[in-house]
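# Chains, contacts and geometry: an overview
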Amino acid sequence: MRAWMLHETGGGLHATDVPEPVLRGGSAIVDVLAVHVPAYTKTLTTGVRGDIPVPAVLGPVAIARVREVAEDVFNVRSGDIVVDHGLLRTGDLSDPQECLVGWTGIGGRGENTAQITAMRKLWRHGTLAQRALCAKETLVRLPGAETHGRLEQVAFLPWLSIAAEGLQQPGGTVLILGATGQLGTAAVLVALARGAARVIVAGRNRAALQRLAGWDSRVVPVAMTGDRGTDAAALRHAGEPDLVLDALGATPDTSFTLAGFDSLRPGGTMTLIGGVRHDLLLPYGEIMRRRLTIRGSWMARGETVLGVWQLIRAGLIDLGRLDAVVAGFADPAAALDLAERTASPGFVVVQPLP
């Protein structure tokens, strides 16, 4: 079968023949139907955003059809349409550890412990292949997906789920920083679906902001300047948020994030789910006096994934608002270049099976 293999960090992805996966305890073999290729994937292969245990088939997530399950697997069955969310956990409640399969990313303290090393060795390969071996813990059955006519759109479900994991406060006023990126766009869709009274969308791309504002009368666009004081004032004017969701990608500094912090109403919450690579200097006294909550959210639990799928099935999240751009599976370099230049609400999908 064919797969996208990363032989060495910095060596680029190559479509190559690899052995068929072999079923073992606690696993399922799936036919991979659609995989979202994030815009930063090419950068990730260089090692800038963390290590990948190479050689490895890349890809932490997928929409797939179950081909075969081990005898001790009961959460999915042959023929099911599933999402592989890629988040693998030890299951140890007193010392929880987790990592992403076929990708960078270690949860908790980010330490490559003996358990994480063993997990990444046993579950090395990801989903950018015609077939994949998946741990049962990373699979969520999608009831009714077999009748969905556009599974390439459903490939965006994992990113919607990451946004949903961070949006634990439905209703009220929600501010989404980085709303014009793919993760930010996912957050807008989820916030609207969960009943936010107002969704403030903040970013620098004015045309993209206006497009988001056209989705719903509750969406209020704010164009950011990069000046913390100016941006905070504009955000407060749009409506002091109950929840700030930081979905920003790599940024040159922390001014956008801190402007969002400054805009929070007393008693509000700020949740970090993005890719900012800077440390935040936050004022102790303000957090205390304003009774603010600062929390982090990483990836998504299976329960959250299923909940978002139910919103899609109910018509509360319209995947038709997104533009799924299908790239060829035969040329990984071209697909990664296309993903890098595809702006939200577009996103790149590959379909490994012919």
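Residues numbered from 1 in each chain as written. Predicted model: local features only at pLDDT ≥ 70, side-chain atom pairs only at ≥ 80, totals over all residues. Heavy atoms only, no water.

### Examining the packing of helix 4 (residues 157-166) against helix 5 (residues 182-193)
The condition that has to hold: Throughout, an axis means a line fitted to C-alpha atoms (over the contacting stretch in the case of helices), and angles, computed between N-to-C directions, take values from 0 to 180 degrees. Starting at the N terminus, helices and strands are each numbered in turn, a helix being any DSSP run of H or I of at least four residues and a strand any DSSP run of E of at least two. Roughly parallel refers to an angle under 35 degrees, roughly antiparallel to one over 145, roughly perpendicular to one between 65 and 115, and oblique to any angle outside these ranges. Should the near helix be turned counterclockwise from the far one by less than a right angle, the crossing is left-handed, whereas a clockwise turn marks it as right-handed. Residues are treated as being in contact if the distance between any of their heavy atoms lies within 4.5 Å.
Following both chains from N to C, one finds helix 4 and helix 5 inclined at 70°, their axes separated by 8 Å at the closest point. As far as their axial angle goes, helix 5 and helix 4 are roughly perpendicular. For helix 4 against helix 5, the interelement crossing comes out right-handed. Here helix 4 contributes Trp159, Leu160, Ile162, Ala163 and Ala164 to the contact with helix 5, which in turn contributes Gln182, Leu183, Ala186, Ala187, Leu189 and Val190.

### Comments concerning the side chain of arginine 131
Our working definition: With a 1.4 Å probe rolled over the protein chains alone, any residue whose accessible area is under 20% of its type maximum counts as buried; one over 50% counts as exposed, and the rest are partly exposed. For the purposes of these results, a polar contact is taken to be a pair of N or O atoms within 3.5 Å, where, inside protein, one atom must be able to donate a hydrogen and its partner to accept one; residues adjacent in sequence count only when each atom of the pair is a side-chain atom.
Here arginine 131 lies in strand 9 (residues 131-135). Taking the relative accessible area as the measure of exposure, arginine 131 reaches 13% and is therefore buried. A distance of 2.6 Å separates the side chain of arginine 131 from the side chain of glutamate 20, its partner in a polar contact. Aside from chain neighbours lying at most four places away, what touches arginine 131 is Met1, Glu20, Pro21, Val30, Asp31, Val32, Arg67 and Leu353.

### A closer look at the state of the cysteines
Where we set the bar: Working definition: a disulfide is two cysteine sulfur atoms within 2.5 Å of each other.
According to the stated counting rule, one finds zero disulfides in the structure shown. Cysteine 134 provides the cysteine sulfur closest to cysteine 99, a residue in no disulfide bond, and the two sulfurs are 14 Å apart.

### Focus: the sheet that holds strand 14 (residues 243-246)
Spelled out, the test is: Strand pairing requires that DSSP identify at least two bridges connecting the strands.
With parallel pairing, six strands are arranged side by side in an open sheet as 13-12-11-14-15-16. Strand pairing shows two members of the sheet lacking a second neighbour, strand 13 (219-223) and strand 16 (293-296), which therefore form its edges. Each strand axis lies, on average, 20° off the axis of its neighbour in the sheet, ignoring direction. In this sheet, strand 16 lies alongside strand 15 (residues 269-272) in parallel orientation, the contact comprising four bridges.

### A word on empty space enclosed by the protein
Just so we agree on the cut-off: Whether a set of points on the 1 Å grid over the protein atoms alone is a cavity depends on a 1.4 Å probe fitting there but being unable to get out, while an open set qualifies as a pocket with protein on both sides within 12 Å along at least five of seven lines; lining residues are those with an atom within 4 Å of a point. Grid points are joined across faces, edges and corners, and a volume is the space filled by probe spheres set on the points. Throughout, the ten residues Ala, Val, Leu, Ile, Met, Phe, Trp, Tyr, Cys and Pro are labelled nonpolar, Asp, Glu, Lys and Arg are labelled charged, and all others, Gly among them, are labelled polar.
Under the defined criterion, the tally for this structure stands at five cavities of 30 Å³ or more. Its boundaries defined by the atoms lining it, the largest cavity holds a volume of some 60 Å³. Lining the largest cavity are Gly59, Pro60, Asp84, Val101, Trp123, His125, Gly126, Thr127, Leu133, Cys134, Ala135 and Thr138. Looking at the lining of the largest cavity, its residues break down into six nonpolar, five polar and one charged. Quantified by volume, the second largest cavity comes out at close to 50 Å³. What lines the second largest cavity is Val61, His85, Pro158, Ser161, Ile162, Met299, Ala300 and Val305.

### Observations concerning the pairing of strand 5 (residues 62-69)
Across six bridges, the pairing between strand 3 (residues 27-37) and strand 5 is antiparallel. When the sheet's bridge partners are listed, alanine 28 is paired in strand 5 with valine 69. With four bridges connecting them, strand 5 and strand 6 (residues 81-84) associate as antiparallel partners. Looking across to strand 6, one finds that arginine 65 is bridged to isoleucine 81.

### Some words on the packing of helix 4 against helix 10 (residues 302-313)
Running from N to C, helix 4 and helix 10 point in directions that differ by 110°, and their axes come no closer than 9 Å. Relative to helix 10, the element helix 4 lies roughly perpendicular. Handedness of the crossing formed by helix 4 with helix 10: right-handed. Contacts between helix 4 and helix 10 pair Leu157, Leu160, Ser161, Ala164 and Glu165 from the former with Thr304, Val305, Val308, Trp309 and Ile312 from the latter. Within the contact of helix 4 with helix 10, the residues separate by chemical class into seven nonpolar, two polar and one charged.

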